[in-house]
Amino acid sequence: MSQPENVLPLKIADAAHSIRHVFVRDLLLDAHIGVYAHEQKTTQPIRVNVDLTVRETVHGDKLANVVCYEEVVNSIKALVASGHLNLVETLAERIASTCLQDARVSVARVRIEKLSAIPEAASVGVEIERARPSA
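Residues numbered from 1 in each chain as written. Predicted model: local features only at pLDDT ≥ 70, side-chain atom pairs only at ≥ 80, totals over all residues. Heavy atoms only, no water.

Novice: Please set out the sheet that holds strand S1 (residues 19–31) residue by residue, giving values where relevant.
Specialist: Across the sheet, four strands lie side by side as S1-S2-S3-S4; this open sheet has antiparallel pairing. Here the strands that pair on one side only, and so sit at the sheet edges, are S1 and strand S4 (124–131). Strand-to-strand twist across the sheet, computed as the mean angle between neighbouring axes with direction ignored, equals 10 degrees. Of the pairings in the sheet, the one linking strand S2 (residues 44–55) to strand S3 (residues 105–114) comprises nine bridges and is antiparallel in character. From the neighbouring strand, valine 54 faces S3, where its bridge partner is valine 105. Running over the sheet, helix H1 (residues 69–81) touches S1 and S2 and is turned about 35 degrees from S1. (Pairing = 2+ DSSP bridges. Helix = DSSP H or I, 4+ residues; strand = E, 2+ residues; numbered from the N terminus. Axes fitted to C-alpha atoms, helices over the stretch in contact; angles between N-to-C directions. Contact = heavy atoms within 4.5 Å.)

Novice: Let's hear about empty space enclosed by the protein: which residues, and what values?
Specialist: Applying the stated criterion across every chain, the model contains one cavity of 30 Å³ or more. Of the volumes computed, that of the largest cavity is approximately 30 Å³. Forming the boundary of the largest cavity are Ala31, His32, Ile33, Leu79, Val80, Gly83, Leu85 and Leu91. Of the residues in the lining of the largest cavity, the class split is six nonpolar, two polar and no charged. (1 Å grid on protein atoms, 1.4 Å probe; cavity = no way out; pocket = protein on both sides within 12 Å on 5 of 7 lines; lining within 4 Å. Points joined across faces, edges and corners; volume = space filled by probe spheres on them. Nonpolar A, V, L, I, M, F, W, Y, C, P; charged D, E, K, R; others polar.)

Novice: Hey, could you go over the side chain of histidine 21 for me, with residue numbers and the actual values?
Specialist: Among the structural elements, histidine 21 can be located in strand S1. Engagement of the side chain of histidine 21 in a polar contact is seen with the side chain of aspartate 51, the distance being 2.7 Å. Sequence-distant contacts of histidine 21, that is, excluding residues within four places in its chain, are made with Ile12, Ala13, Asp51 and Leu52. (Polar contact = N/O pair within 3.5 Å; in protein donor to acceptor, adjacent residues only side chain to side chain.)

Novice: Quick rundown of the nonpolar core? Include the residues and the values.
Specialist: Of all hydrophobic cores here, the largest spans 31 residues; its most connected members are Val50, Leu52, Ile76, Leu91 and Ile95. Listing elements by their share of this core, those giving two or more residues are S1, S2, H1, helix H2 (88–100), S3 and S4. It is H2 that contributes the most residues to this core, seven residues altogether. Discounting residues that sit within four places of it in the chain, isoleucine 76 has contacts with Leu27, Leu29, Val48, Val50 and Ile95. (Core = buried A, V, L, I, M, F, W, Y, C linked by side-chain atoms within 4.5 Å. Buried < 20%, exposed > 50% of the residue type's maximum accessible area, 1.4 Å probe, protein only.)

Right, dumping it as structure tokens:
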């Protein structure tokens, strides 16, 4: 699936500011999500994309010293499995909040797409960006 022409790829890694870009692309999950009666009876497919702005530190080739994308994926899976949500906005906010709990993450951008909500559309959803509050 190609990227639409009106969507620009993110370029958030930045050597001058010691920023690393950690991402999860096209995570496909079945979620209990939606406000309508037919959405509350079953799961529906969603696609999750996450982009994290991470302050670089010396990693020394040790997993403990980096933001682990597997941990990000596992936390998303746990949020999706935790029960029914009415809104994709709520799921996006919870994912962003969870990612920002890691002090190395400065910004979290989260896109949630429902893949079968509107038959005429490939997907519908929401994208948010949340930043760590300044101290």
